[in-house]
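Spelled out, the chains give:
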Amino acid sequence: MAKEIIDGITMQRALTRITYEIIERNKGIDNLVLVGIKTRGVYIAHRIESRLKQLEGITVPVAELDITPFRDDNNDPNAIKNADLGIDITDKNVILVDDVLYTGRTIRAAMDAIIVSGRPKKISLAVLVDRGHRELPIRADFVGKNIPTSRKEKINVSMSEIDDEDKIEIE
Amino acid sequence: MKRYLVLDDGFTLEGDSIGSPIIAAGQLVISNNLYGLEQTLTDATYNGQIIALTAPANGASGINPNEYEAINPTCKGVIFNSTAVHSKMERDQSLDEFLKNKDIPGITNIDTRALAAHVQEHGQLKASISDTDDEHAVDQIKALVIQRDLVKQVSTRQPYPNPNSGKKIIVIDMGMKYSILRELSYRDCNSIVVPYNYSAAQIDELNPDGIIISNGPGNPEDVTQTIKVVEELQNNYPLFGIGLGHLIIALANECHISVMKLGHHSTSYPVKEIASGKIEYTNHNHIYTISNHGIRDANFIVTHICPSDGAIEGIRHMYRPTFSVQFDPEAAPGSQDMTYLFDEFLDMISSYERA
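Conventions and cut-offs
Residues numbered from 1 in each chain as written. Chains lettered and ligands numbered in written order. Predicted model: local features only at pLDDT ≥ 70, side-chain atom pairs only at ≥ 80, totals over all residues. Heavy atoms only, no water. Helix = DSSP H or I, 4+ residues; strand = E, 2+ residues; numbered from the N terminus. Rg over C-alpha atoms; globule rule 2.2 N^0.38 Å. Buried < 20%, exposed > 50% of the residue type's maximum accessible area, 1.4 Å probe, protein only. Areas by Shrake-Rupley, 256 points an atom, 1.4 Å probe, with all protein chains shown as cover. Lys, Arg positive; Asp, Glu negative; His and termini not counted. Charge placed at Lys NZ, Arg CZ, Asp CG, Glu CD. Domains from an automatic or database assignment. Buried area = accessible area lost by both parts, 1.4 Å probe. Salt bridge = Lys/Arg side-chain N within 4 Å of Asp/Glu carboxyl O. Polar contact = N/O pair within 3.5 Å; in protein donor to acceptor, adjacent residues only side chain to side chain. Nonpolar A, V, L, I, M, F, W, Y, C, P; charged D, E, K, R; others polar. Phe/Tyr/Trp six-rings, centres within 6.5 Å; stacked < 30°, edge-to-face > 60°. Pairing = 2+ DSSP bridges. Axes fitted to C-alpha atoms, helices over the stretch in contact; angles between N-to-C directions. Contact = heavy atoms within 4.5 Å.

Bringing the overall build of chain B into the picture now. Secondary structure summary: chain B contains 10 helices and 17 strands in total. In terms of overall size, chain B behaves like a compact globule, its C-alpha atoms giving a radius of gyration of 20 Å where 355 residues would be expected to give roughly 20 Å. Looking at chain B as a whole, 60% of its 355 residues qualify as buried. Here chain B displays about 14,200 Å² of accessible surface, and carbon together with sulfur accounts for 47% of that area. In chain B, 26 side chains carry a positive charge and 44 a negative one; their mean positions are 2 Å apart.

Our next topic: the domain arrangement of chain B. Residues and elements named next belong to chain B. We note that the domain assignment places domain 1 (2-142) and domain 2 (150-354) within chain B. Summarising the inter-unit geometry, the C-alpha centres of domain 1 and domain 2 are found 27 Å apart. Here domain 1 meets domain 2 over a buried area of about 2,100 Å², counting both sides, of which 48% is carbon and sulfur. On the domain 1 side of the contact with domain 2, Thr45, Asn47 and Glu69 bury the most area, a combined 29% of that side's loss. Linking domain 1 with domain 2 are 1 salt bridge, by the criterion used here. Across the salt bridge formed by Glu69 and Arg182, the nearest N and O atoms sit 3.1 Å from each other. Across the contact surface, domain 1 and domain 2 share 15 residue pairs in polar contact (both at pLDDT 80 or more). Where the side of domain 1 that touches domain 2 is concerned, the elements lending two or more residues are strand E3 (24-31), helix H1 (37-41) and helix H3 (112-122). Grouping the amino acids of the side of domain 1 that touches domain 2 by side-chain chemistry returns 9 nonpolar, 14 polar and 3 charged.

In this section: the packing of aromatic side chains. All names here are of chain B. By the definition in use, this model includes 5 aromatic pairs over all chains. Between Phe240 and Phe345 the ring centres are 5.3 Å apart and the planes differ by 40°, which places this aromatic pair in the tilted class. One end of the pair, Phe240, is in strand E12 (residues 239-242); the other, Phe345, is in helix H10 (residues 340-354), and 105 residues separate them in sequence. On the basis of relative accessible area, Phe240 is assigned to the buried category, the value being 0%. Among the residues examined, Phe345 registers a relative accessible area of 0% and is labelled buried. Residues Phe323 and Phe345 carry aromatic rings whose centres are separated by 6.3 Å and whose planes lie at 65° to one another, so their mutual orientation is edge-to-face. Here Phe323, found in strand E17 (residues 322-325), pairs with Phe345, found in helix H10; they are 22 residues apart in sequence, far enough to count as distant. The pair formed by Phe323 and Phe345 is uniform in burial state, with each residue classed as buried.

Residues and elements named next belong to chain B. The mixed closed barrel is built from 7 strands, whose spatial order is E1-E2-E6-E5-E4-E3-E7. Between one strand and the next, the sheet's axes are offset by a mean angle of 35°, whatever the strand orientation. Bridge count for strand E4 (residues 49-53) against strand E5 (residues 77-80) is 4 bridges, and the pairing is parallel. Bridge assignment links Ile50 to a residue of E5, and that residue is Gly77. On the sheet, H3 packs against strand E1 (2-7), strand E2 (12-19), E3, E4 and E5 and is oriented at approximately 90° with respect to E3.

For the rest of this paragraph, the subject is the pairing of strand E13 (residues 257-273) of chain B. All names here are of chain B. Direction of pairing for E13 relative to strand E14 (residues 279-290): antiparallel, over a ladder of 10 bridges. Within the sheet, the bridge partner assigned to Ser258 lies in E14 and is Thr289. Across 2 bridges, E13 lies against strand E15 (residues 300-305) in antiparallel orientation. Bridging across to E15, Glu273 finds its partner in His304.

Turning our attention to the interface of chain A and chain B. When the parts come together, some accessible area is lost, and that loss is often what is quoted as the size of the interface. Contacts between the two partners involve 19 residues from chain A and, on the opposite side, 22 residues from chain B. Buried area between chain A and chain B, summed over both chains or domains, comes out near 1,900 Å², and the portion from carbon and sulfur atoms is 50%. Run the count over chain A and chain B and you get 3 salt bridges. When the shortest N-O distance is used, the salt bridge between Asp347 of chain B and Arg17 of chain A registers 3.6 Å. Applying the counting criterion to the chain A and chain B interface returns 3 residue pairs in polar contact (both at pLDDT 80 or more). It is helix H1 (residues 8-26) of chain A that contributes the most residues to the side of chain A that touches chain B, 8 residues altogether. Looking at the side of chain A that touches chain B residue by residue, the classes come out as 4 nonpolar, 5 polar and 10 charged.

Further remarks concern the side chain of His265 of chain B. Inspection of the secondary structure puts His265 of chain B in strand E13. On the basis of relative accessibility, which here comes to 6%, the residue His265 of chain B falls in the buried class.

Considering all chains together, one arrives at 29 salt bridges over all chains under this definition. One salt bridge in this structure joins Arg40 of chain A and Asp163 of chain A, with 3.1 Å as the shortest N-O distance. Here Arg40 of chain A is found in helix H2 (residues 40-56), whereas its partner Asp163 of chain A is found in the loop between strand E7 (155-158) and strand E8 (167-170), with 123 residues between them in sequence. We classify Arg40 of chain A as partly exposed; its relative accessible area is 22%. Asp163 of chain A gets classed as partly exposed once you look at its relative accessible area, which sits at 22%. Note that Arg3 of chain B is salt-bridged to Asp131 of chain B, the shortest N-O span being 3.0 Å. On the criterion of sequence distance, the pair formed by Arg3 of chain B in strand E1 and Asp131 of chain B in the loop between strand E7 (126-130) and helix H4 (135-142) is long-range, its members being 128 residues apart. A residue is classified by how much of its surface remains accessible, and Asp131 of chain B, at 37% relative accessible area, is partly exposed.

The next point concerns unusual backbone geometry. The step from Lys38 of chain A to Thr39 of chain A runs through a cis peptide bond, and the omega angle for that step is 5°. For Thr39 of chain A, the location among the structural elements is in the loop between strand E2 (32-37) and H2. Ala332 of chain B connects to Pro333 of chain B through a cis peptide bond whose omega is 0°. You can see Pro333 of chain B is positioned in the loop between E17 and H10. A positive phi angle, near 65°, is found at His133 of chain A, a position not held by glycine. Note on His133 of chain A: relative accessible area 26%, which makes it partly exposed. Even without being a glycine, Ala332 of chain B presents a positive backbone phi close to 55°. Following the sequence through the fold, Ala332 of chain B ends up in the loop between E17 and H10.

Here is the structure:
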């Protein structure tokens, strides 16, 4: 049975805090690009972008990334390893945005996709939830909530853009 | 017994005595709190001031000692629109008894609407509670000099711990409301309250995870010692400023502050969080405010404003783990919309430790 562990208000506050931390650690947002990992990472990236715009008056570019061709379990030899980000990321501070950080394999694939598209100055990672159980040496720079879980459990992030409401559930 | 409220511009109003019969004088502030009488009267931010409460029927439910924000109230006097006789329970104290015990004079049945309208027009005024309203009384209040050691009067003299097992938070007591400690206790913080003039080296020695600079009375420019301590500590520890503490953080970073024509003294001021556009209601108690000018040069982002007059209500440093708010996130009295800022502070400490 799914149990709500984070409500909409807490989720919004976590995103606001991530936004402040992004400004704090990048010493400003001039050279920033947000890359949202489909599907919910894109919505989170847009929410961070709108907060940055409110605070700093600058529109930070947001790219959408589909990592499917880069997955390490994608054995299709014909997969075209080409991520069309639609923006130039060369020498930019790229912030990868995803909803849940779990094994780290998605993030590895996303980094592959970014490197294929250009050579950024730096890649950081922002996630709404870090649930632990990494299988690769990857960690997030910006974390909304650390939620300790067991491998049997499942974390569901709902966002009002495509789901009914903002919430995070565990089942 | 008749008593008079005399302002330093000659404006006077007549009312009935309540509480102590002594004569008192101080800065006049108008509050339209509808509830939280005990919390308002015992808030040390009102040290040296005369509070005018515009709500009717004050004290209808007596005085509840569980809602004190300081053991002894330090306001100079209280002006009431009206007070109510309350039906006495066992061990219960009436408003009149409370004021007499604490030796605070009051006047009730005052036309607070006329008073508020007058203050709205003329700005910051000094006031006295007096037995006469003649020229002599006016001259006396004109001659009153507002004290400059208001923080020293209310800050603790010795440090004391509020032990628990969580993060170690040092609270610099500028006239701290107990609710700040309550909020820290809810979050298992291992807090230590220190006097306003505790040195940076002494605080260093306690090895804090984070530092809160509390609310307090008076002009922040008068507490130069605390400003200097903040200058020395702000690069090494996460800081959270509340009320006077917010202004001290601003001054430690060479921001400018100014006196507002109309101070904010109420439980019901809206505050807008700029990042999300969300409006929440908060308790305010301030006549000083940070000026917009120079805030960006000091590398601060404005995070909260008051939409009704545009006053800056919250700032955050761009590169350091420092944020502060002008309003009272601990509420008491008032809306508890913003108590989550204490969680934000603890999250800030965790992410500072992680980075």
